[in-house]
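For reference, the chains in residue letters:
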Amino acid sequence: MAEPLKEMFNAAYFDRLARTVQGAYPAFDVPAFHREVMHGLAGRELNARMRHTSITLRKHLPQDFRRTVGVLKEVALEMPKGYTALLYPDLVALYGLDDPAFSLDALANFTRFGSSEFAVREFLRRDLEGTLHVMRQWAEDESEHVRRLASEGSRPRLPWSFRLDAVVRDPRHTRPILTCLRSD
């Protein structure tokens, strides 16, 4: 029997994450982080584990959000790519809404390690036109990961995420992105 997907976020993963974070941010309290992130883990499903990790990690990183993102950029280079890497954009979506230009740039960076398609939707919800403007630029990015973020992140309906009602009502919002990517 295959192990449940939620087991991606397990004690071994948290040990590696904590050591990697401490390498980028020496003040990181590994034992305190590990105790807190493991508390109640068994009762959490996949996405709840990721969210709990984002919240817990933020508590143990620099108070300055931009410094935190800098640490996470270093960490992302050393940690596995894939679903667990959605942790970084999740943290940005939770704590970076008040600094959209910086945060959207961070999402473009982090998407190459997993995906920022869920996280960018928080920015779309807050400022549809401003975020779509940035995503139109992403549609021409040299990175296929960033171009994919432009299309997938702006989908009206995305599994495991909320609907973009404004795009459902008027799909023309995303036409420039899709037109740019139609031959990609």
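Coordinates for the structure precede this section.
Keep in mind the model is a prediction, meaning the values are calculated, not measured.

Draft legend 1. Structural view of the overall build of the protein. When you go through the protein residue by residue, the secondary structure sums to 11 helices and zero strands. The linear arrangement of helices and strands in the protein, starting from the amino end, is α-α-α-α-α-α-α-α-α-α-α. Overall size of the protein, expressed as C-alpha extent along the three principal axes, is 50 × 40 × 25 Å. Expressed as a percentage of its 184 residues, the buried residues of the protein come to 48%. Of the contacts formed within the protein by residues at least 6 apart in sequence, a portion of 66% connects residues at least 24 apart. For the protein, the centre of its 27 positive side-chain charges and the centre of its 25 negative side-chain charges are spaced 4 Å apart.

Draft legend 2. Geometry of the side chain of Ser-116. Positionally, Ser-116 belongs in the loop between α6 (100-110) and α7 (120-126). When near neighbours in sequence (up to four residues on either side) are disregarded, Ser-116 contacts Pro-89, Leu-107, Phe-110, Thr-111 and Leu-149.

Draft legend 3. Summary view of the side chain of Thr-56. With respect to the helices and strands, Thr-56 occurs in helix α3 (residues 46-59). A distance of 2.8 Å separates a polar atom in the side chain of Thr-56 from the backbone oxygen of His-52. Not counting residues up to four positions away in its chain, the partners in contact with Thr-56 are Phe-33, Glu-36 and Val-37.

Draft legend 4. Seen up close, the pattern of salt bridges. This structure, assessed with the given rule, holds 13 salt bridges. Where Arg-66 meets Asp-99, a salt bridge forms, and the shortest distance between an N and an O atom there is 2.7 Å. With a gap of 33 residues between them, Arg-66 in helix α4 (residues 65-78) and Asp-99 in the loop between α5 (87-95) and α6 connect regions that are remote in the sequence. For Asp-170, the salt bridge is made with Arg-172, and the minimal N-O distance between the two is 2.8 Å. Overall, the relative accessible area of 22% leaves Asp-170 in the partly exposed class.

Draft legend 5. Geometry of α6. Among the 11 residues that make up α6, eight are buried, leaving the element largely enclosed by the rest of the structure. Those residues of α6 lying buried are Phe-102, Ser-103, Leu-104, Ala-106, Leu-107, Ala-108, Asn-109 and Phe-110. Where α6 is buried, its residues meet α4, α5, α7, α8 (128-138) and α9 (144-153).

Draft legend 6. Highlighting the environment of Pro-62. By the secondary structure assignment, Pro-62 is in the loop between α3 and α4. When the C-alpha positions of Pro-62 and Arg-169 are compared, they lie 41 Å apart, and in sequence the two are 107 residues distant. Contact partners of Pro-62, with chain neighbours within four places excluded, come to Tyr-25, Arg-67, Thr-68 and Val-71.

About the cut-offs
Residues numbered from 1 in each chain as written. Predicted model: local features only at pLDDT ≥ 70, side-chain atom pairs only at ≥ 80, totals over all residues. Heavy atoms only, no water. Helix = DSSP H or I, 4+ residues; strand = E, 2+ residues; numbered from the N terminus. Buried < 20%, exposed > 50% of the residue type's maximum accessible area, 1.4 Å probe, protein only. Contact = heavy atoms within 4.5 Å. Lys, Arg positive; Asp, Glu negative; His and termini not counted. Charge placed at Lys NZ, Arg CZ, Asp CG, Glu CD. Polar contact = N/O pair within 3.5 Å; in protein donor to acceptor, adjacent residues only side chain to side chain. Salt bridge = Lys/Arg side-chain N within 4 Å of Asp/Glu carboxyl O.

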